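Summary of the model geometry
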Amino acid sequence: MSQDISIKKGLSINIKGAAKKELKKIPLTKFYAYNLDDFHLLIPKLEVKVGDYVKRGQPLFYSKTNESIKFVSNVSGYVKDIVRGDRRKILNIVIESDKKDSMVTSNIKPISKLDSESIIKFLLSSGCWPFIKQRPFDIIADPTKKPKSIFISCFDSAPLAIDYKFILNDRLDHFKYGLEVLKKLVSGNLYLGLNSSQSDLAKQLTNFNLNYFNGPHPSGNVGVHIHHIDPINSGEVVWILNPEDVAIIGEFFETGQFNPERTIAVSGPPVKNPKYYRLIIGAELKSVLSSVDLEEGSELRYINGDVLSGKTVNSNGFLGFYNNNLSILREGNNYKLFGWIPFINNKTPSIYKTSFSWLSNGKPKEYDTNLNGEERAFVATGEMESVFPMDVYPMQLIKECLIGDIEKMEKLGIYEVSPEDFGLIDYSSSSKIEAQSIIREGLDYLYKETQ
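Take the overall build of the protein chain next. Looking only at helices and strands, the protein chain has twelve helices and 20 strands in total. Taking 451 residues into account, the globule formula puts the C-alpha radius of gyration at 22 Å, and the protein chain, at 22 Å, falls close to it. Each principal axis of the C-alpha atoms in the protein chain carries an extent, and together these give about 65 × 50 × 50 Å. Out of the 451 residues in the protein chain, the part that is buried amounts to 55%. Look at the contacts in the protein chain between residues 6 or more apart in sequence, and 69% of them connect residues 24 or more apart.

The pairing of strands in a sheet happens through backbone hydrogen bonds and is either parallel or antiparallel. Judged by pairing direction, the sheet is antiparallel, and its three strands sit side by side in the order 4-6-7 without closing on themselves. Edge positions in the sheet fall to strand 4 (44-46) and strand 7 (70-72), since each has one partner strand and no second. Direction aside, the axes of adjacent strands within the sheet are offset by 30° on average. Here strand 6 (residues 59-63) pairs with strand 7 via three bridges, running antiparallel. Counted as the bridge partner of Phe61 is Phe71 from strand 7.

Tallying each qualifying case throughout the model produces 27 salt bridges. Between Arg171 and Glu251 there is a salt bridge, with its nearest N and O atoms 3.6 Å apart. Note that Arg171 is positioned in the loop between helix 2 (164-167) and helix 3 (172-183) and Glu251 in helix 6 (residues 243-255), a separation of 80 residues in sequence. On the basis of relative accessibility, which here comes to 14%, the residue Glu251 falls in the buried class. Each of Lys133, Arg135, Asp138, Glu420, Asp421, Arg440 and Asp444 takes part in salt bridges that share partners, so that together they form one network.

This next bit is on the sheet that holds strand 9 (residues 90-97). Reading across the sheet, the four strands line up as 3-9-8-5 and stay open at both edges, with antiparallel pairing between neighbours. Both edges of this open sheet fall to strand 3 (31-35) and strand 5 (53-54), since each of them pairs with a single strand only.

Here we come to the pairing of strand 18 (residues 300-304). Most of strand 18 sits out of view: four of its five residues are buried. Bridge count for strand 18 against strand 19 (residues 311-313) is three bridges, and the pairing is antiparallel. Among the inter-strand pairings, Tyr302 is bridged to a residue of strand 19, identified as Val313. Where strand 18 folds back onto strand 19 in an antiparallel hairpin, the turn is made up of six residues, including Gly305, whose phi is positive at roughly 120°.

The rules behind the values
- Residues numbered from 1 in each chain as written.
- Predicted model: local features only at pLDDT ≥ 70, side-chain atom pairs only at ≥ 80, totals over all residues.
- Heavy atoms only, no water.
- Helix = DSSP H or I, 4+ residues; strand = E, 2+ residues; numbered from the N terminus.
- Rg over C-alpha atoms; globule rule 2.2 N^0.38 Å.
- Buried < 20%, exposed > 50% of the residue type's maximum accessible area, 1.4 Å probe, protein only.
- Contact = heavy atoms within 4.5 Å.
- Pairing = 2+ DSSP bridges.
- Axes fitted to C-alpha atoms, helices over the stretch in contact; angles between N-to-C directions.
- Salt bridge = Lys/Arg side-chain N within 4 Å of Asp/Glu carboxyl O.

Rendered as structure tokens:
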């Protein structure tokens with residue numbers, strides 16, 4: 001039974017440069033890479049060495065804690081480099097494409113003839129399993145633990161939001177087939193979260209459990225959906241997936257081939273013609289940026305993901321494994337004398353009316369990365385609670401994460417949250433604390449102490 005849920009707390013940030021509904025396909029580029037930081041808490045064990053030839057879909061490494069979780073090559077070619085950091089920690093695995101796109105093909109029966117055990121084996125061996133993440137801890141799902149439910153958010157409410165309906169337009173059949181695959185893996189419900197404006201998409205998904213969310217960001221966050229529909233208690237597991245990843249899974253079970261195509265929105269104030277690009281996961285960013293018309297004379301920051309919870313990447317870096325955004329902002333390295341005076345600094349976006357930026361709230365604004373302040377005392381002001389639409393006390397939870405008090409962290413709802421749920425707190429808090437980093441460290445500490 002569907003529900004209509006209105007989110008009251010939150011904040012929609014209107015940034016200039018949202019992507020237009022135009023799509024350009026990027027041909028195979030020279031280099032692709034796995035960034036191991038995309039897979040939190042994963043310890044990789046290599047199955048290849050520099051110089052080895054690999055096909056698309058051939059395993060490159062697996063998880064040390066569960067050898068059945070395979071990570072496969074996104075293209076055919078040669079292992080160009082294995083980049084290591086301190087203590088020989090693997091940072092990147094770089095593949096040089098031969099542009100022949102040779103691939104591994106699996107022989108898969110129709111989904112109606114497969115049981116859950118067979119489906120899991122195919123997901124693990126094919127490289128599709130890492131697309132499935134779990135709450136709590138916001139890590140790759142443990143295949144030995146059955147989820148009580150699966151959640152997929154089909155809309156984005158973050159700044160420079162992407163349009164999943166546009167992304168899935170020519171992959172909708174794969175998406176629906178992927179949903180049928182996932183339905184066979186869960187004893188409870190598979191929930192799809194939509195916005196009320198997505199009536200066209202809803203008509204295509206009438207056979208699934210749909211719930212509608214309206215309101216400001218973070219109404220599109222899957223964590224908000226879980227909290228309002230099927231909250232997580234201690235010992236329970238919920239799986240979450242990105243809609244396009246569901247389409248990749250569906251295509252694999254239909255064709256037997258791992259096709260890791262990713263559609264990304266390249267957007268932000270410095271982008272003169274923001275639009276969507278389709279390429280292969282892990283592609284060189286310069287293969288996209290060479291097609292993007294950027295303003296000259298500004299120092300820019302490139303972000304794999306949205307501007308609130310994404311990761312900074314060098315322009316010579318690679319596309320992240322999970323993100324559908326490449327957000328670009330100007331570096332905020334310019335400072336204004338007496339910028340705290342409202343009538344001087346009234347163009348600076350703010351959640352407060354003292355800056356007078358509220359007079360143009362309906363217009364997209366020229367955001368940059370300037371913090372407009374520095375780290376201050378961590379005091380109770382009510383700012384966090386005003387943008388946090390969960391029955392969780394965010395400030396108290398952050399403090400307990402800093403202390404490392406597991407019992408209080410559990411009582412305050414640590415199992416329900418992930419770092420991205422605190423993105424608005426990082427933006428709005430006058431203390432300028434890194435709430436997402438603190439929550440991430442708290443989740444890691446809890447995982448190591450309890451698993």
